[in-house]
Amino acid sequence: MLGTTCSRTRLAASALAIVSLAAGAPDENGREQFADDKAALAPLQAYVGDWKGVGQIRRGSNQGAWTEQAEWAWRFNDDRAAIEFDSPRGKYYAAGRITPGKERGSFRLAATRPSEDEQQANVDQFQGQVNDEGTFILLAVDDSAEPPPDVARISIRLVASGDRLVILYEKAAGGERYSRLAEVGYTRQGSSFAKGSGQPECVVTGGLGTIEVSFEGRGYFVCCTGCRDLFNDDPAGVLADYRRRKAEEKQEQKE
């Protein structure tokens, strides 16, 4: 089982061209795009973390239920930022990469279906946005991989002050109608990640810091492994951006 899980994880990473280490902090020419990506993806910051979930075909029924885990983290490469998830035993998707869409407030998701065969590794494309109720709704787009995905709509929402992540998978039911495939309810591993709880801030994204890093004898915090990798690659640059951001926030508070 371990070998199968590792194989599927490597396959998902390959299909999405995901790198496990940051490709380096952006140079001056790339900083604007880098900052724009981070700002655009900020509404999804609360998804970052480690999650343990239970999937159910029918709500309230254990028949056909399964368990899976997922890690959501920031990833930085080629002067761009993204939020990715890795779920080696995911029933519907083993990995995914979320990037800003072309329109303001929109997002793109490239999601890799679980497979042990590289020839059968399909990546489905979705696009969507966060609605007024805070639910992230993604619809499959026409250029999704062949054969067409079973999943036509994905709805993601946070409950219980951010300690529960609920993902609903639906299939097309004709017209603009959808019907339930299954729902996965995740519980965040560790303590509450609610922002504003007095816990340390991530020096990369401004989210809640949960991983300690250090530079020149001083400790700082980041929110995920992707931010940790970026910090370790160029701590001076990350801290310079962090101090600049905090100075701007302080100035805005005075105005």
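Nothing here was measured: the structure is a model prediction, and the numbers come from that model.

What follows covers the packing of helix H3 (residues 225-233) against helix H4 (residues 235-254). Between two packed helices, both the angle of their axes relative to each other and the distance between the axes serve to describe the pair. It is the contact of H3 with H4, at a shortest axis distance of 5 Å, that shows an interaxial angle of 110°. Put simply, H3 runs roughly perpendicular to H4. Contacts between H3 and H4 pair Leu230, Phe231, Asn232 and Asp233 from the former with Pro235, Val238 and Leu239 from the latter. Along the lines of polarity and charge, the residues of the contact of H3 with H4 split into 5 nonpolar, 1 polar and 1 charged.

This part is about the nonpolar core. Judged by nonpolar contacts, the single largest core of 48 residues is most densely connected at Trp72, Trp74 and Ile154. With 6 residues, the single largest contributor to this core is strand S2 (residues 66-77). Not counting the four nearest positions on each side in its chain, Ile154 is found in contact with Tyr93, Leu109, Phe126, Phe136, Ile137, Leu138, Ile167, Leu168 and Tyr169.

Bringing the packing of aromatic side chains into the picture now. Using the criterion set out here, one finds 11 aromatic pairs in the structure. Each ring, one from Trp74 and one from Phe76, has its centre 5.9 Å from the other, and the planes form 5°; the classification is stacked. Across the pair, Phe76 and Trp74 agree in class, each one buried. Each ring, one from Phe107 and one from Phe136, has its centre 5.3 Å from the other, and the planes form 75°; the classification is edge-to-face. Here Phe107, found in strand S5 (residues 106-112), pairs with Phe136, found in strand S7 (residues 136-140); they are 29 residues apart in sequence, far enough to count as distant.

The next subject is the side chain of Asp37. Looking at the element boundaries, Asp37 is found in helix H2 (residues 28-41). A polar atom in the side chain of Asp37 sits 2.9 Å from the side chain of Gln33.

Let's shift gears to the pattern of salt bridges. Summed over all chains, the structure comprises 12 salt bridges. Note that Glu170 and Arg153 form a salt bridge whose closest N and O atoms lie 2.7 Å from each other. Remark: Arg153 occurs in strand S8 (residues 153-159) and Glu170 occurs in strand S9 (residues 164-172); sequence separation between them is 17 residues. By relative accessible area, Arg153 is classed as partly exposed at 22%. Put simply, Asp229 and Arg228 hold a salt bridge, and the shortest N to O gap is 3.4 Å. Taking relative accessible area as the criterion, Arg228 reaches 30% and is therefore assigned partly exposed. Bridged by salt links that share partners, the residues Glu201, Arg245, Lys246 and Glu249 form one connected network.

Definitions and cut-offs
Residues numbered from 1 in each chain as written. Predicted model: local features only at pLDDT ≥ 70, side-chain atom pairs only at ≥ 80, totals over all residues. Heavy atoms only, no water. Axes fitted to C-alpha atoms, helices over the stretch in contact; angles between N-to-C directions. Helix = DSSP H or I, 4+ residues; strand = E, 2+ residues; numbered from the N terminus. Parallel < 35°, antiparallel > 145°, perpendicular 65-115°, else oblique. Contact = heavy atoms within 4.5 Å. Nonpolar A, V, L, I, M, F, W, Y, C, P; charged D, E, K, R; others polar. Core = buried A, V, L, I, M, F, W, Y, C linked by side-chain atoms within 4.5 Å. Buried < 20%, exposed > 50% of the residue type's maximum accessible area, 1.4 Å probe, protein only. Phe/Tyr/Trp six-rings, centres within 6.5 Å; stacked < 30°, edge-to-face > 60°. Polar contact = N/O pair within 3.5 Å; in protein donor to acceptor, adjacent residues only side chain to side chain. Salt bridge = Lys/Arg side-chain N within 4 Å of Asp/Glu carboxyl O.

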